[in-house]
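Listed here are the chains, written in short residue letters.
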Amino acid sequence: QVQLVESGGGLVQAGGSLRLSCAASGRTFTYYAVGWFRQAPGKEREFVAAISGSGGVTKYADSVKGRFTISRDNAKNTVYLQLNSLKPEDTAVYYCAARTRYAVTDYSDNYDYWGQGTQVTVSS
């Protein structure tokens with residue numbers, strides 16, 4: 001059983017930055033791929049970024065490529081999402097999710113464990 005806790009959200013102005021953290025329990029987290037998803041009010045949940053168990057492979061949604069960076073520190077059981085050059089349309093609740101496989105995927109149903117989310121609000 002894996003527990004995930006997101007943190008680092010907040011309110012920032014357009015053009016600003018945030019770093020989100022996803023802290024996980026469990027020794028086997030080292031072998032799990034992790035994804036970040038977001039959901040804005042009235043919209044479907046969308047894929048943001050994912051990283052393989054080793055951290056060697058990453059994948060990004062086109063809307064965030066070049067602005068967001070996903071990374072992980074397996075010694076700390078933590079995955080990070082660095083959000084730069086934030087835009088108002090980035091406003092959403094951001095969720096991290098882990099799957100019991102090493103490969104990256106952007107399909108939410110492939111993930112087994114989910115955090116409760118952290119709110120990111122970008123003002124214009």
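Here, every reference points to the structure presented above.
We now turn to the structure provided with this report. Quick caveat: nothing in here was measured; it's all calculated off a predicted structure.

With that settled, the discussion passes to the pattern of salt bridges. Counted by the stated rule, this structure contains five salt bridges. Across the pair Lys65 and Asp62 runs a salt bridge, and its minimum N-O distance is 3.5 Å. Considered together, Lys65 and Asp62 belong to a single accessibility category, that of exposed residues. Between Asp90 and Arg67 there is a salt bridge whose closest N-O contact spans 2.7 Å. With a gap of 23 residues between them, Asp90 in the loop between strand 8 (78-83) and strand 9 (92-99) and Arg67 in the loop between strand 6 (58-60) and strand 7 (68-73) connect regions that are remote in the sequence. The exposure classification of Asp90 matches that of Arg67, with both residues buried.

Core analysis: the biggest nonpolar cluster contains 36 residues, and Leu4, Trp36, Leu81 and Tyr94 have the highest contact counts within it. Listing elements by their share of this core, those giving two or more residues are strand 3 (18-24), strand 4 (33-39), strand 5 (46-51), strand 7, strand 8, strand 9 and strand 11 (118-123). Residues within four places of Leu4 in sequence aside, it is in contact with Cys22, Ala23, Ala24, Phe29, Cys96, Ala97, Ala98, Tyr113, Trp114, Gly115 and Gln116.

As a further point, take the packing of aromatic side chains. A complete count under the given rule lists four aromatic pairs for this structure. On the basis of an interplanar angle of 70 degrees and a centroid distance of 5.7 Å, the ring pair of Phe37 and Phe47 is categorised as edge-to-face. With a gap of ten residues between them, Phe37 in strand 4 and Phe47 in strand 5 connect regions that are remote in the sequence. By the burial criterion, Phe37 is buried, and Phe47 matches it. Their ring planes at 50 degrees and their centres at 5.1 Å tell us that Phe37 and Trp114 sit as a pair that is tilted. Taken together, the residues Phe37 in strand 4 and Trp114 in strand 10 (residues 113-114) connect sequence positions 77 residues apart. Residue Trp114 is classed as partly exposed on the basis of its relative accessible area, which comes to 25%. Of the aromatic side chains, those joined through ring pairs into one cluster are Phe37, Phe47, Tyr111 and Trp114. Arg45 extends its terminal NZ or CZ atom over the ring of Trp114, reaching a point 4.3 Å from the ring centre. The residue whose ring lies beneath Arg72 is Phe29, and the NZ or CZ to ring-centre distance is 4.9 Å.

For Arg72, the position within the fold is in strand 7. Buried and unpaired, Arg72 has no salt bridge, with Asp73 as the nearest side chain of opposite charge at 8.3 Å. A polar contact is formed between the side chain of Arg72 and the backbone oxygen of Tyr32, at a distance of 2.7 Å. Other than its neighbours up to four places away in sequence, Arg72 contacts Phe29, Thr30, Tyr32, Ala33, Val34, Ile51, Ser52, Gly53, Ser54, Gly55, Thr78 and Val79.

Once that is clear, we can look at the side chain of Thr78. Among the secondary structure elements, Thr78 is positioned in strand 8. Looking at Thr78, the relative accessible area reads 9%, which means it is buried. Looking at Thr78, its side chain comes within polar contact range of the main-chain oxygen of Lys76, at 2.8 Å. Other than its neighbours up to four places away in sequence, Thr78 contacts Ser21, Cys22, Ala23, Phe29, Arg72 and Asp73.

Cut-off values and rules
- Residues numbered from 1 in each chain as written.
- Predicted model: local features only at pLDDT ≥ 70, side-chain atom pairs only at ≥ 80, totals over all residues.
- Heavy atoms only, no water.
- Salt bridge = Lys/Arg side-chain N within 4 Å of Asp/Glu carboxyl O.
- Buried < 20%, exposed > 50% of the residue type's maximum accessible area, 1.4 Å probe, protein only.
- Helix = DSSP H or I, 4+ residues; strand = E, 2+ residues; numbered from the N terminus.
- Core = buried A, V, L, I, M, F, W, Y, C linked by side-chain atoms within 4.5 Å.
- Contact = heavy atoms within 4.5 Å.
- Phe/Tyr/Trp six-rings, centres within 6.5 Å; stacked < 30°, edge-to-face > 60°.
- Lys NZ or Arg CZ within 6 Å of the ring centre and 35° of its normal.
- Lys, Arg positive; Asp, Glu negative; His and termini not counted.
- Polar contact = N/O pair within 3.5 Å; in protein donor to acceptor, adjacent residues only side chain to side chain.

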